[in-house]
Amino acid sequence: MADRIHILYIGNDPGEQQLLEEMLREALGDGLLMTWIDNFNEALWPLETSYYDLVFLDYHLDGRDTIELLRRSASSEGRSMPVVMLADNEDHLDDLEVIRQGAADYLSKQELSVSILKRSVRYAIERKKIEQRLLTLSHYDPLTGLANRNLFYLKLTDGIIQTLRGNQLLALFFLDLDHFKEINDTLGHPSGDRLLQEVSTRLKKATRASDTVARLGGDEFAIIATHLGTEDDITLLAKKLITSFNEPFNLGGTQVTTHTSIGIALCPVHGHDPDELLRHADLALYQAKAAGRNNFKFYDSELDARAQEYRALEQEMRHALHHRDFSLHYQPMFSSDGKQVIGVEALVRWFHKVRGMIAPGDFIPLAESSGLILPLGEQVLEMVCDQINQWQQMGMPEMLVAVNLSPTQFSDPDLVEKIIHILEEKGVSPQRIELEITENTLMETGPEVIERLTRLHDLGIKLAIDDFGTGYSSLSYLKKFPVHKLKIDRAFVKDVTTDQDDATIARSIIHLGQAMNLEIIAEGVETEDQLNFLRNEGCQQVQGFLFAKPMGADTLAKWLPQRHSSPPGHQASA
Ligand code: C2E
Ligand code: CA
Ligand code: CA
């Protein structure tokens, strides 16, 4: 039992008060400190705001019963005190009801004795301690000591009510750590835990005592800031939170740098309901991350609509992958005299039952960000292989087939194995395949890229750099890659005859390629003028609507034999 016990007695009989005090002193010794309140209204305030180790509450006070007082003591969340109800035998009090209303114990005045009091006091105080411990467990995150999801939810609900009453703003910040999973995986879970603790400390430091900082799980944190005047105040706090991650974190000797991305939803501007605010802050966080991490975004309903559309499309794409609703069109590539078809580029198409044909520009970015590009890429390569086999059976001349690979596919560690597996399974020679990788893909990925490219090259697969000219590759940089072809981006070809800069870029790419012994192809050739310019500069290969649009495999099979009799510039229809 604690050294000093502060007990409050609420009752208006001085004789009873004196008797109680004497018995308590005998039971508890010198540690007793007793306060006496003899009036119903005066008792209200201390019951809600002060803290006593124990309260003795007389059932009768000022001619009314004190159940109401009991309720008040129990409803002050987090600081409720043990209350022992005192009653006369003739009150015929329902003791269970009293306990249910929040009393720790119930004693009959006629049966009071020192030993009964001693037991009751000890019991009430112990019980309270256990309750308190349970409350702590159910309201706080054991790792960081921050509010957990339960308490966060209570505080948010409470904050919203206050905010709506007070004509002010409440801001809900939703945070997570950029690349926490990688840190956790590489440094181990104890370091991950340390980092979460350090982050909690910094978040606490950046906020006010009246703000609630919570850990909602994993590396997800939330902050509720109330009593804010303007959106500027909120922006300021968001910036403060971001910069609090500037310094690296010291995890037992190891310095780790991580940043945070933040989504913000405001009450009442973006909603007045906890779930709605949470959903909106979460969406804003998603937007912040999509915009490049280490920054914050306010909820934006327009972005919300777009995000929902994206999610719906993603679902449909999963469905389409399952049902193999994707197909390929093929666009021929020519020698620049237009006489020879040197290969075709496979371009994916999605035939949607309701929307009709969806162009890759409308779904490849989504496939990229959702990771669906990986299964899609495999299906594309499988379709290409099946097509090559079918053409072979039809006795068509052998052609190179170019397949586009996007950045996510290229950073897949299993890429090479997947390609080998598909080619082997379909019995297609690697020599028949050319992979197109954009210049940006090469610039963005790490040293493992060279290894991956070399393995593909050693298999006999040809490698072309797509959209060349947009990524500012230096000559020495290019030399590191086992690449055999550069594809001049359509953007430069478009104005090559009218824009001096574009002409210069196209010319230098051609000359650069020649100097490095690379093949050069220009894409998006639409006019004779463009073709003449490219040919004069020495570009050996061309592709574009001037010669042929992308077309289905069947159309291509019919088009190929008859095109030999047509002059260059004769278009095939898609
Ligand atoms: P890309 O690799 O640059 O493909 C060339 C795009 O330019 C194709 O559009 C083609 O139809 C179009 N094109 C060809 N000649 C001309 C021309 O003379 N004028 C004009 N204005 N356009 C021309 P498409 O088929 O819509 O493909 C767009 C992009 O989608 C591709 O750009 C590629 O990045 C991506 N993509 C297509 N298929 C696949 C695929 O199977 N896998 C991956 N990862 N990406 C793909
Ligand atoms: Ca391409
Ligand atoms: Ca291209």
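Residues numbered from 1 in each chain as written. Chains lettered and ligands numbered in written order. Predicted model: local features only at pLDDT ≥ 70, side-chain atom pairs only at ≥ 80, totals over all residues. Heavy atoms only, no water.

Regarding the environment of V493
Along the polypeptide, V493 turns up in helix α19 (residues 490-494). Separated by 239 residues in the primary sequence, V493 and T254 have C-alpha atoms spaced 51 Å apart. Setting aside residues no more than four positions away along its own chain, V493 makes contact with I488, A522, E523, G524, V525, Q530 and L534. (Helix = DSSP H or I, 4+ residues; strand = E, 2+ residues; numbered from the N terminus. Contact = heavy atoms within 4.5 Å.)

Let's talk about the sheet that holds strand β7 (residues 105-108)
To summarise the sheet geometry, strands pair through backbone hydrogen bonds and adopt either a parallel or an antiparallel arrangement. Pairing is parallel across the open sheet formed by five strands, whose spatial order is β2-β1-β3-β6-β7. Both edges of this open sheet fall to β2 (32-37) and β7, since each of them pairs with a single strand only. Each strand of the sheet is rotated relative to its neighbour by a mean of 20°, with strand direction disregarded. Bridging between strand β6 (residues 83-87) and β7 involves four bridges; their strand directions are parallel. Within the sheet, the bridge partner assigned to A87 lies in β7 and is S108. Here helix α5 (residues 114-139) sits on the sheet and contacts β1 (5-10), β3 (54-58), β6 and β7; the angle it forms with β7, its principal contact strand, is near 165°. (Pairing = 2+ DSSP bridges. Axes fitted to C-alpha atoms, helices over the stretch in contact; angles between N-to-C directions.)

Overview of helix α8 (residues 189-206)
An ideal rise of 1.5 Å per residue puts 26 Å on 18 residues; α8 measures up with 26 Å between its terminal C-alpha atoms. Where α8 is buried, its residues contact β8 (169-177), α7 (180-187), β9 (212-217), β10 (220-228), α9 (231-243) and β11 (249-251). (Expected span 1.5 Å × (residues − 1).)

Brief notes about the site of ligand 1
Every one of the 22 residues lining ligand 1 counts as a neighbour, but Q331, R349, R490, E526 and F545 are closest to it. V348 has a polar backbone atom sitting 3.1 Å from a nitrogen atom of ligand 1. Residue R349 places a side-chain N or O atom 2.9 Å away from an oxygen atom belonging to ligand 1. Expressed as a share of its isolated accessible area of 790 Å², the protein-covered part of ligand 1 is 82%. With four residues, the top contributor of residues to the shell around ligand 1 is strand β16 (residues 341-352). The class makeup of the residues in the shell around ligand 1 is nine nonpolar, six polar and seven charged. (Near = heavy atom within 4 Å. Polar contact = N/O pair within 3.5 Å; in protein donor to acceptor, adjacent residues only side chain to side chain. Areas by Shrake-Rupley, 256 points an atom, 1.4 Å probe, with all protein chains shown as cover. Nonpolar A, V, L, I, M, F, W, Y, C, P; charged D, E, K, R; others polar.)

So, the environment of L321
With respect to the helices, strands and loops of the structure, L321 is situated in helix α11 (residues 301-322). It is 8.2 Å that separates the C-alpha atoms of L321 and Q379, two residues lying 58 residues apart in sequence. Here L321 is in contact with F326, L372, P375, L376 and Q379, once residues within four sequence places are set aside.

A short note on the coordination of the calcium ion (ligand 3)
Looking at the calcium ion (ligand 3), the protein donor atoms are D466 (OD), D467 (OD), E523 (OE) and E523 (OE), and they sit 2.2 to 2.5 Å from it. Counting the intervening residues between successive donors of the calcium ion (ligand 3) yields the motif D-D-x55-E. Between the calcium ion (ligand 3) and the calcium ion (ligand 2), a spacing of 4.1 Å is present, and a bridge between the two is formed by D466. The buried category is assigned to D466, whose relative accessible area is 6%. (Donors = N, O, S within 2.8 Å, 3.2 Å for Na, K, Ca; no water. Buried < 20%, exposed > 50% of the residue type's maximum accessible area, 1.4 Å probe, protein only.)

Considering α5
Counted at 1.5 Å a residue, the expected span for α5 with its 26 residues is 38 Å, and the 37 Å between its end C-alpha atoms agrees. Buried within α5 are the following residues: L117, S120, V121, A124, I125, K128 and H139. On its buried side, α5 packs onto β1, α1 (14-28), β3, β6, β7 and α6 (149-166).

Comments concerning the coordination of the calcium ion (ligand 2)
Taken together, E345 (OE), N404 (OD1), E436 (OE) and D466 (OD) make up the full set of protein donors to the calcium ion (ligand 2), lying 2.1 to 2.3 Å away. Look at where the donors of the calcium ion (ligand 2) fall in the sequence and you get E-x58-N-x31-E-x29-D. Relative accessible area serves as the criterion here: at 29%, N404 is assigned to the partly exposed category.

With respect to the packing of helix α10 (residues 274-290) against α11
Two elements in contact, α10 and α11, have axes whose closest approach is 10 Å; the angle formed by their N-to-C orientations is 80°. Of the possible angle classes, the one that applies to α10 and α11 is roughly perpendicular. Facing R279, H280, L283 and Q287 of α10, the residues of α11 in contact are L303, D304, A307 and Q308. Split by residue class, the contact of α10 with α11 holds three nonpolar, three polar and two charged. (Parallel < 35°, antiparallel > 145°, perpendicular 65-115°, else oblique.)

Some points on the domain arrangement of the protein
Domain annotation for the protein reports domain 1 (5-139), domain 2 (149-299) and domain 3 (321-565). Of note, the centres of domain 1 and domain 2, computed from C-alpha atoms alone, are 41 Å apart. (Domains from an automatic or database assignment.)

Topic: the packing of aromatic side chains
For the coordinates displayed, the defined rule picks out nine aromatic pairs. Taken together, a centroid distance of 5.6 Å and an interplanar angle of 65° make the contact between F245 and F249 edge-to-face. Accessibility classification places F245 together with F249 in one group, the buried group. Ring centres 6.1 Å apart and planes at 85° place the aromatic pair F334 and W559 in the edge-to-face group. Here W559 lies in helix α22 (residues 553-563) and F334 lies in strand β15 (residues 326-335), a separation of 225 residues in the sequence. Each member of the pair, F334 as well as W559, is classed as buried. By way of ring pairs, the aromatic residues F326, W350 and F363 are connected into one cluster. Directly above the ring of F249 sits R202, whose terminal nitrogen or CZ lies 3.7 Å from the centroid. Looking at K549, its charged tip hangs above the ring of F545, at a distance of 5.1 Å from the centre. (Phe/Tyr/Trp six-rings, centres within 6.5 Å; stacked < 30°, edge-to-face > 60°. Lys NZ or Arg CZ within 6 Å of the ring centre and 35° of its normal.)

Quick word on unusual backbone geometry
In this structure, the amide linkage connecting C267 to the following residue, P268, adopts the cis form with an omega of 5°. By the element assignment, P268 lies in the loop between β13 (260-267) and α10. The phi angle at R324 is positive, at roughly 50°, despite the residue not being glycine. Tracing the backbone through its elements, the reader meets R324 in the loop between α11 and β15. According to the relative accessible area criterion, R324 is partly exposed, its value standing at 48%.

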